[in-house]
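Chain by chain, the residues:
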Amino acid sequence: MAACLVALMALVALVFGLDDPRRHARDALRAVILGFAVFHGVIAAMLALRSLADARGGRTSWARRGAAPIWQLFQSFWLGTSAVSLTLVAAQEVLS
């Protein structure tokens, strides 16, 4: 969960470092791509907190794992889409 929060904070810092999205379509596209990644990062963090609360509350067992499998799957999805998003933003920066 700590790595998830660190990655989310890094994405948010990158979003705030972008140029004004109203100035050029390229800047708007970067903002939308990174906003998409941040939005899904927030969902992954909420699922992680839910899984942690389930585990601490004793609501999980081998038969009933709670939100943990969903969180693991969604975190993998988020990390994959974030990697693609960051690659696109970096490619736009190099090509512009």
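Overview of the structure. (Residues numbered from 1 in each chain as written. Predicted model: local features only at pLDDT ≥ 70, side-chain atom pairs only at ≥ 80, totals over all residues. Heavy atoms only, no water.)

## Focus on the side chain of S85
Now for step 1: Structurally, S85 can be placed in helix α3 (residues 68-95).
Now for step 2: A distance of 2.8 Å separates a polar side-chain atom of S85 from the backbone oxygen of T81. (Helix = DSSP H or I, 4+ residues; strand = E, 2+ residues; numbered from the N terminus. Polar contact = N/O pair within 3.5 Å; in protein donor to acceptor, adjacent residues only side chain to side chain.)

## Observations concerning the nonpolar core
Now for step 1: With 12 residues, the main nonpolar core is built from C4, L8, L11, I33, L34, A37, V38, A44, A45, F74, W78 and V89.
Now for step 2: For this core, the secondary-structure elements that each account for two or more residues are α1 (2-16), α2 (25-56) and α3.
Now for step 3: The leading source of residues in this core is α2, at six residues.
Now for step 4: Apart from the residues within four sequence positions on either side, V89 is in contact with R30, I33 and L34. (Core = buried A, V, L, I, M, F, W, Y, C linked by side-chain atoms within 4.5 Å. Buried < 20%, exposed > 50% of the residue type's maximum accessible area, 1.4 Å probe, protein only. Contact = heavy atoms within 4.5 Å.)

## Some points on the environment of A2
Now for step 1: Of note, A2 is situated in helix α1.
Now for step 2: When the C-alpha atoms of A2 and A45 are compared, they prove to be 9.3 Å apart, with 43 residues separating the residues in sequence.

## As for the packing of α1 against α3
Now for step 1: Interaxial distance between α1 and α3 falls to 12 Å at its minimum, and their mutual angle equals 30°. Taken together, α1 and α3 sit at an angle that is classed as roughly parallel. Crossing angle aside, the handedness with which α1 passes α3 is left-handed. Contacts between α1 and α3 involve C4, A7, L8, L11 and L14 from the first element and Q75, W78, S82 and L86 from the second.
Now for step 2: For the contact of α1 with α3, the class distribution of residues is seven nonpolar, two polar and no charged. (Axes fitted to C-alpha atoms, helices over the stretch in contact; angles between N-to-C directions. Parallel < 35°, antiparallel > 145°, perpendicular 65-115°, else oblique. Left-handed = near helix turned anticlockwise from the far one by under 90°. Nonpolar A, V, L, I, M, F, W, Y, C, P; charged D, E, K, R; others polar.)

## Here's the deal with α3
Now for step 1: The end-to-end C-alpha distance of α3, which contains 28 residues, comes to 40 Å, matching closely the 40 Å that a straight helix rising 1.5 Å per residue would cover.
Now for step 2: Here α3 has its buried residues at A68, W71, F74, Q75, W78, T81, S82, S85, V89 and Q92.
Now for step 3: Those residues of α3 that are buried lie in contact with α1 and α2. (Expected span 1.5 Å × (residues − 1).)

## A look at the side chain of H40
Now for step 1: Locating H40 in the fold gives a position in helix α2.
Now for step 2: A polar contact of 2.9 Å, which involves the side chain of H40, links it to the backbone oxygen of F36.
Now for step 3: Beyond its immediate chain neighbours, meaning those up to four positions away, H40 contacts F74, F77 and W78.

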